[in-house]
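Commentary on secondary and tertiary structure
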Amino acid sequence: MTIYKMKESQVIIECSYCKAKVAGTILGKHESKGSIDDLPFKVVLLECPVCKNALVSGQTLYEVATDKSEWGKPTRLWPSPEKHISGNIPVLVRNSLEEAEKCYSCGAYDACAVMCGRALESICSVQGIKNKILAGGLKELLDKQVIDKRIYEWGQELRTHRNIGAHATDEHISKEDAKDLLDFVNAICDYIFVLTNKFKKFMERKEKLKK
Ligand SMILES: [Zn+2]
């Protein structure tokens, strides 16, 4: 995870009007305890120092070690919100998702596919998968019922496109395919880390009511 150090009065963010990273001046901020993903979240109103337009950023506070938390990367909430990556997704996986988004937004579609593949490898790693080869790792995730048959097929496509992106050949990843790969990898992460967790909590509440 990238930790952004900045002046207390500034937040580094991509200005959607200037299409560039700027050090936005903080006009106001609000911190809430657990509004998003049950983690502390900070919303900041900013002014772009270049075009003077208003921008709104959001940041999640992550636990980076026992008794140590740090604010994660600021994402633009307004205008044109950037994709919010859930705080329930482990740091190792989130890093690759953030990198994949970055590659896509600057038109590096081969690199985007490679980062989507790296996100899958990170999923295998945090799930304690023994097989070091991605193809075998995906099969193990399927066998352990962490993913179902459909997600497994998406994973296989991600893996083959990761290979196209990674190898120096004439074959390249198109913008359209890179966008789809990003959507697939985000859906896989939501399925494993967000929805599965949500369903577990939902069932726990149901069980509690029964008692
Ligand atoms: Zn601007």
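Residues numbered from 1 in each chain as written. Predicted model: local features only at pLDDT ≥ 70, side-chain atom pairs only at ≥ 80, totals over all residues. Heavy atoms only, no water.

Observations concerning the packing of aromatic side chains
Stated formally: When two rings of Phe, Tyr or Trp (its six-membered ring) have centres within 6.5 Å they constitute a pair, described as stacked for plane angles under 30 degrees, edge-to-face for angles over 60, and tilted for the intermediate range. Segments assigned H or I by DSSP are reported as helices when at least four residues long, segments assigned E as strands when at least two residues long, and all are numbered from the N terminus. Only protein chains enter the accessibility calculation, which uses a 1.4 Å probe; a residue is then buried when its area is under 20% of its type maximum, exposed when over 50%, and partly exposed in between.
Counted under the stated rule, the structure contains three aromatic pairs. Ring centres of Phe-199 and Phe-202 lie 6.3 Å apart, and the angle between their planes is 20 degrees; on these two criteria the pair is classed as stacked. Of the two residues, Phe-199 and Phe-202 both sit in helix α5 (residues 175-210), three residues apart, roughly one turn of that helix. Overall, Phe-199 belongs to the exposed group, its relative accessible area being 52%. We classify Phe-202 as partly exposed; its relative accessible area is 43%.

Thoughts on the coordination of the zinc ion
What counts here: Listed donor atoms are N, O and S within 2.8 Å of the metal (Na, K and Ca: 3.2 Å). As water is not included, a site may look incomplete. Just to be clear on the cut-offs, tetrahedral is four donors with all angles between 85 and 135 degrees, square planar is four donors and octahedral six with opposite donors over 155 degrees apart and all others between 65 and 115, and anything else goes down as irregular.
Looking at the zinc ion, the protein donor atoms are Cys-15 (SG), Cys-18 (SG), Cys-48 (SG) and Cys-51 (SG), and they sit 2.2 to 2.4 Å from it. Classification of the site at the zinc ion as tetrahedral follows from its four donor atoms and the range of 103 to 114 degrees in their angles at the metal. When the donors of the zinc ion are listed by position in the chain, the intervening gaps give C-x2-C-x29-C-x2-C.

A short note on the domain arrangement of the chain
Put simply, the rule is: By convention here, the domain bounds are inherited from an automatic or database domain assignment.
Looking at the chain, the domain boundaries give domain 1 (10-78) and domain 2 (91-210). Between the C-alpha centres of domain 1 and domain 2 the distance comes to 26 Å.

A closer look at the pattern of salt bridges
Threshold: Here, a salt bridge means any side-chain nitrogen of Lys or Arg that lies within 4 Å of a carboxyl oxygen of Asp or Glu.
One pass over the full model with this rule turns up seven salt bridges. A salt bridge links Glu-153 to Lys-149; its shortest N-O distance comes to 3.7 Å. Here the residue Glu-153 and the residue Lys-149 both occupy positions in helix α4 (residues 149-166), the gap between them amounting to four residues, near one helical turn. Here Glu-153 falls in the partly exposed class, since its relative accessible area comes to 44%. The partner of Lys-179 in a salt bridge is Asp-183, and the shortest N-O contact between them spans 2.9 Å. Of the two residues, Lys-179 and Asp-183 both sit in helix α5, four residues apart, roughly one turn of that helix. The class of Lys-179 is partly exposed, set by a relative accessible area of 34%. What makes Asp-183 partly exposed here is its relative accessible area of 39%.

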